[in-house]
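Summary of the model geometry
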Amino acid sequence: MSKQFDVVVIGGGPGGYIAAIRAAQLGFSTACIDAWTNEKGGPAPGGTCTNVGCIPSKALLQSSEHFEHAGHAFADHGIQVGELNIDVAKMLGRKNTIVKQNNDGIIYLFKKNKVSFFHGLGSFVKADAAGYEIKVAGKVEETITGKHIIVATGSNARALPGTPFDEQIVLSNEGALNITEVPKKLGVIGAGVIGLEMGSVWRRLGADVTVLEALPTFLGAVDEQIAKEAHKLFVKQGLSINLGVKIGEIANSGKDVSVAYTDDKGVEHKAVFDKLIISIGRTPNTNGLNAEAVGLALDERGFVAVDGDCKTNLPNVWAVGDVVRGPMLAHKAEEEGVAVAERIAGQHGHVNFNTIPWVIYTSPEIAWVGRTEQQLKADGVAYKAGTFPFMANGRARALGDTSGMVKFLADASTDEILGVHIVGPMASELISEAVVAMEFRASSEDIARICHAHPSLSEATKEAALAVDKRSLNF
Ligand code: FAD
Ligand code: NAI
């Protein structure tokens, strides 16, 4: 007899493990199945985010930022350091420890919340009156049954046709987080979030980094003014960013890799790199699910097809996170996971897609919420804009990081905040104030009238709100 659960979650990334915890909190008997395996063959729940995404990338960004500061920024403070060296093995070891702490933390949370965890690949077997039968192929094979199923199987890196990842020379995000010595020449195809974050890590550690991007505009989804400022700063830091390129033949010799490409003027080039990161987007993981067995519908791009409430075409089968439409972000996956568990309980789970923040953890960081200036123009919305540069912020000067600005966009007649865009120090933290403000449908005047601590970077947010009505006090 297969074990019976009210809710079975397939996938233990941020969408799945959070959905499982919330379902258990709501009183459902809950199981979570996850296939990720650590180097010892044991379970490593947490998905892409914990194992090869958000967490390890931020660990390496932090290490490389310390290295860069020790090399360039400390001298201004009167701090003298000797010759700098990076022990890459130690840096990777620190990153791996942080990943393991997160894996262990999730196993602890499952125990605490009485979620039954199954390590293995989950796939649909059949549907009957008891619910959906799911096979778990792990060290042992077993079947469990769930009245409700939440599919949260995530995504993986998209390869360029004809150029498989060997994770030694041609790298996806997985290999990019495990480079064992600083490459002399690093190529990056795709100037998106991963390309810029990973390119930044290895540039700071001394690699000569060339980024090759197909689109003619830099960070097309970002507010144009912010993207322009970021582009200027990244180029100044030494990232070679080539826009509008067409990638030709890629030849991996096993020692290095050559990339033929045509630049935006039609000139042909051939570049040879020690390592090549390919970061051109991600594809949903649906292969192992045996979706056909129960007739689970996918959309034309291979994502599990869902409605606005994450309902699939099958009764009591839901899907959340990277495997469905929408931004591929850990916090979006989590919000959907919570909302689905609450909907199963008959509550009104809710995800506001208009207030999902985006952050790119480069230095300076880029963060935004809501619409960009170009989107407002395209939508024909009358708006007012206010900006404030960190150069005029006392805390930023004390930090020694005055790059970038905060930008507010507000409705021209109601003053409701429509978008906030930041490039600058700690943008990832500063954006939360804007998210809260937009969630409560605040006006720029509301932010402008709130007392902000001095000296703090958040004063730049207040000043940008003041600038909407041209009454900045410090600029
Ligand atoms: P995943 O995290 O991919 O988890 C899915 C899990 O399901 C995996 O463990 C997988 O092994 C398992 N699985 C798949 N199929 C099966 C099956 N049939 N049976 C059992 N288990 C299965 N997002 C942010 O918000 N902030 C960041 O800073 C950030 N940084 C990132 C950096 C990198 C390098 C990358 C690649 C991504 C980053 N992301 C970031 C994106 C973030 O990782 C994803 O949006 C998030 O992990 C999606 O969560 P998920 O639960 O939908 O899927
Ligand atoms: P991306 O969608 O951010 O960027 C891909 C880039 O590659 C685009 O600029 C695209 O124009 C370009 N591209 C596509 N095909 C190309 C080709 N043939 N030649 C050259 N350029 C090409 O995807 P990325 O960087 O792979 O990241 C995937 C997702 O992971 C992100 O969209 C994001 O959702 C998530 N992520 C989030 C992070 C964060 O929140 N800080 C960090 C890293 C990833």
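Residues numbered from 1 in each chain as written. Chains lettered and ligands numbered in written order. Predicted model: local features only at pLDDT ≥ 70, side-chain atom pairs only at ≥ 80, totals over all residues. Heavy atoms only, no water.

As annotated in an unreviewed UniProt entry, the protein chain is Dihydrolipoyl dehydrogenase from Undibacterium curvum. Reading the Catalytic activity (unreviewed entry) entry of the UniProt record for the protein chain gives the comment "N(6)-[(R)-dihydrolipoyl]-L-lysyl-[protein] + NAD(+) = N(6)-[(R)-lipoyl]-L-lysyl-[protein] + NADH + H(+)". According to UniProt, the comment filed for the protein chain under the heading Sequence similarities (unreviewed entry) is "Belongs to the class-I pyridine nucleotide-disulfide oxidoreductase family." (UniProt positions renumbered as here; feature names shortened; annotations may be inferred.)

**Section: the site of ligand 1**
Inspection of the region around ligand 1 gives 37 residues, with Asp34, Thr48, Lys58, Gly122 and Asp322 positioned closest. Residue Ala35 places a main-chain N or O atom 3.2 Å away from a nitrogen atom belonging to ligand 1. One of the backbone nitrogen or oxygen atoms of Gly122 is found 2.7 Å away from a nitrogen atom of ligand 1. Protein chains bury 93% of the 1000 Å² of accessible surface belonging to ligand 1 in isolation. Among the secondary structure elements, those contributing two or more residues to the shell around ligand 1 are helix H1 (14–25), strand E2 (30–34), helix H2 (47–52), helix H3 (54–73), strand E4 (121–128) and helix H8 (330–344). Looking at the shell around ligand 1, the element that brings in the most residues is H2, giving four residues. Across the shell around ligand 1, the residue classes tally to 16 nonpolar, 17 polar and four charged. (Near = heavy atom within 4 Å. Polar contact = N/O pair within 3.5 Å; in protein donor to acceptor, adjacent residues only side chain to side chain. Areas by Shrake-Rupley, 256 points an atom, 1.4 Å probe, with all protein chains shown as cover. Helix = DSSP H or I, 4+ residues; strand = E, 2+ residues; numbered from the N terminus. Nonpolar A, V, L, I, M, F, W, Y, C, P; charged D, E, K, R; others polar.)

**Quick notes on the packing of H3 against helix H6 (residues 193–204)**
Helix packing for two helices is described by the angle between their axes and how far apart those axes are. Running from N to C, H3 and H6 point in directions that differ by 35°, and their axes come no closer than 8 Å. With respect to the hand of their crossing, H3 and H6 are arranged in left-handed fashion. When H3 is examined against H6, the residues Ser57, Lys58, Leu60, Leu61, Ser64, Glu65, Phe67 and Glu68 are found in contact with a partner set consisting of Glu197, Met198, Ser200, Val201, Arg203 and Arg204. Residue composition of the contact of H3 with H6, grouped by class: five nonpolar, three polar and six charged. (Axes fitted to C-alpha atoms, helices over the stretch in contact; angles between N-to-C directions. Left-handed = near helix turned anticlockwise from the far one by under 90°. Contact = heavy atoms within 4.5 Å.)

**Side note on unusual backbone geometry**
Among all residues save glycine, negative phi is the norm, and among peptide bonds the norm is trans. Going from Ser363 to Pro364, the amide bond is cis rather than trans, its omega being 0°. By the secondary structure assignment, Pro364 is in the loop between strand E18 (358–360) and strand E19 (365–370). The omega angle of the peptide bond from His454 to Pro455 is -10°, so this bond is cis rather than trans. Examined against the element boundaries, Pro455 turns out to sit in the loop between helix H12 (444–448) and helix H13 (458–468). Backbone geometry places Lys470, a non-glycine residue, at a positive phi of 55°. Looking at the secondary structure, you find Lys470 in the segment after H13.

**Details of the site of ligand 2**
Neighbouring residues of ligand 2: 22 residues in total, closest Glu197, Glu213, Gly281, Met328 and Val359. Val359 is positioned with one of its backbone polar atoms (N or O) 2.7 Å from a nitrogen atom of ligand 2. Contact with the protein chains removes 76% of the 840 Å² of surface that ligand 2 exposes when unbound. Every element with two or more residues in the shell around ligand 2 is listed here: H6 and E18. In terms of residues, the shell around ligand 2 owes the most to one element, H6, which gives three residues. Per-class residue counts for the shell around ligand 2 are 14 nonpolar, four polar and four charged.

**Observations regarding H1**
Given 3.6 residues per turn, any residue in an α-helix points the same way as the ones three and four places further on. Taking 1.5 Å per residue, 12 residues should reach 16 Å; H1 reaches 16 Å between its end C-alpha atoms and fits that length. When you tally the buried positions in H1, you get 11 out of 12 residues, the bulk of the element. Phi turns positive, to about 100°, at Gly27, one or two residues after H1. (Expected span 1.5 Å × (residues − 1). Buried < 20%, exposed > 50% of the residue type's maximum accessible area, 1.4 Å probe, protein only.)

**Examining the sheet that holds strand E20 (residues 383–389)**
Ordered by their spatial adjacency, five strands build an open sheet running E18-E19-E22-E21-E20, and the pairing between neighbours is antiparallel. Each of the sheet's edge strands pairs with one partner strand only, and the pair in question is E18 and E20. Taking the axes of each pair of neighbouring strands and ignoring which way they run, one obtains an average angle of 10° across the sheet. Relative to strand E22 (residues 417–424), E19 runs antiparallel, the two sharing six bridges. Bridging from a neighbouring strand, Glu365 pairs with Gly424 of E22. Running at roughly 140° to E20, H13 makes contact with E20 and strand E21 (405–411) of the sheet. (Pairing = 2+ DSSP bridges.)

**Describing the UniProt feature "domain: FAD/NAD(P)-binding" (unreviewed entry) in the protein chain**
Residues annotated by UniProt as "domain: FAD/NAD(P)-binding" (unreviewed entry) correspond here to residues 5–337. In residues 5–337, helix accounts for 30% and strand for 27%; the two terminal C-alpha atoms are 17 Å from one another.

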